[in-house]
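# Descriptive analysis of the structure
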Amino acid sequence: MIGDAYAEQKKNEDALDYYKKAANVNRKDEFTTSEFLFRAAMFAESIGKTKDAAELYKEIRDDYPTSDKATNVDNILPG
């Protein structure tokens, strides 16, 4: 929610950092980690950080392949 708050204030770097921090709270929790990685990736993409977004999408695909978000990533990333 802190990431969302910073995004609303147009503090994009802070927002992206907090989305990433949320993803790192419990890396063993596939659901929440993949969710926050996906939010971070979508936000990075929306602010023009396509390289960061691609890295985050790949992290979901590679580290959480059975998550719901990995299915979405397959539609976003080539190969």
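Now for a look at the structure at hand. (Residues numbered from 1 in each chain as written. Predicted model: local features only at pLDDT ≥ 70, side-chain atom pairs only at ≥ 80, totals over all residues. Heavy atoms only, no water.)

## Overview of the nonpolar core
Soluble globular proteins: nonpolar side chains tend toward being buried together. Counting 19 residues, the largest nonpolar core has Tyr19, Leu37, Phe43, Tyr57, Ile60 and Val73 as the members making the most contacts within it. Among the elements that line this core, the one with the most residues is helix α3 (residues 30-46), at six residues. Non-local contacts of Phe43, meaning those with residues more than four positions away in its chain, are made with Ala7, Asn12, Ala15, Leu16 and Tyr19. (Core = buried A, V, L, I, M, F, W, Y, C linked by side-chain atoms within 4.5 Å. Buried < 20%, exposed > 50% of the residue type's maximum accessible area, 1.4 Å probe, protein only. Helix = DSSP H or I, 4+ residues; strand = E, 2+ residues; numbered from the N terminus. Contact = heavy atoms within 4.5 Å.)

## Overview of the pattern of salt bridges
If you walk through the whole model with that rule in mind, you get eight salt bridges. Between Arg27 and Glu59 there is a salt bridge, and its shortest N-O distance comes to 2.4 Å. Placement of Arg27 in the loop between α2 (12-23) and α3 and of Glu59 in helix α4 (residues 50-63) is noted, with a sequence separation of 32 residues between them. With relative accessibility at 29%, the residue Arg27 sits in the partly exposed group. The class of Glu59 is partly exposed, set by a relative accessible area of 22%. Of the charged contacts in the structure, one is a salt bridge between Lys49 and Asp52, with a shortest N-O distance of 4.0 Å. (Salt bridge = Lys/Arg side-chain N within 4 Å of Asp/Glu carboxyl O.)

## Thoughts on the packing of aromatic side chains
What the rule picks out here adds up to three aromatic pairs. A cation over a ring is seen here: Lys21 above Tyr18, with NZ or CZ 4.6 Å from the ring centre. (Phe/Tyr/Trp six-rings, centres within 6.5 Å; stacked < 30°, edge-to-face > 60°. Lys NZ or Arg CZ within 6 Å of the ring centre and 35° of its normal.)

## Overview of helix α5 (residues 68-76)
All of the buried residues along α5 are Lys69, Ala70 and Val73. In a view along the axis of α5, the buried residues occupy a sector of 100 degrees, so they form one face of it. Along α5, exposed side chains directed more than 90 degrees from the buried face belong to Asp68 and Asn75. As for α5, its buried residues are in contact with α3 and α4. (Arc of directions from axis to C-beta.)

## Observations concerning the environment of Asp29
Its location among the elements puts Asp29 in the loop between α2 and α3. When the C-alpha positions of Asp29 and Ala40 are compared, they lie 16 Å apart, and in sequence the two are eleven residues distant. A distance of 3.2 Å separates a polar atom in the side chain of Asp29 from a polar atom in the side chain of Thr32. (Polar contact = N/O pair within 3.5 Å; in protein donor to acceptor, adjacent residues only side chain to side chain.)

## Things to note about unusual backbone geometry
One non-glycine residue, Lys10, lies in positive phi territory at about 65 degrees. By secondary structure assignment, the location of Lys10 is in the loop between α1 (2-8) and α2.

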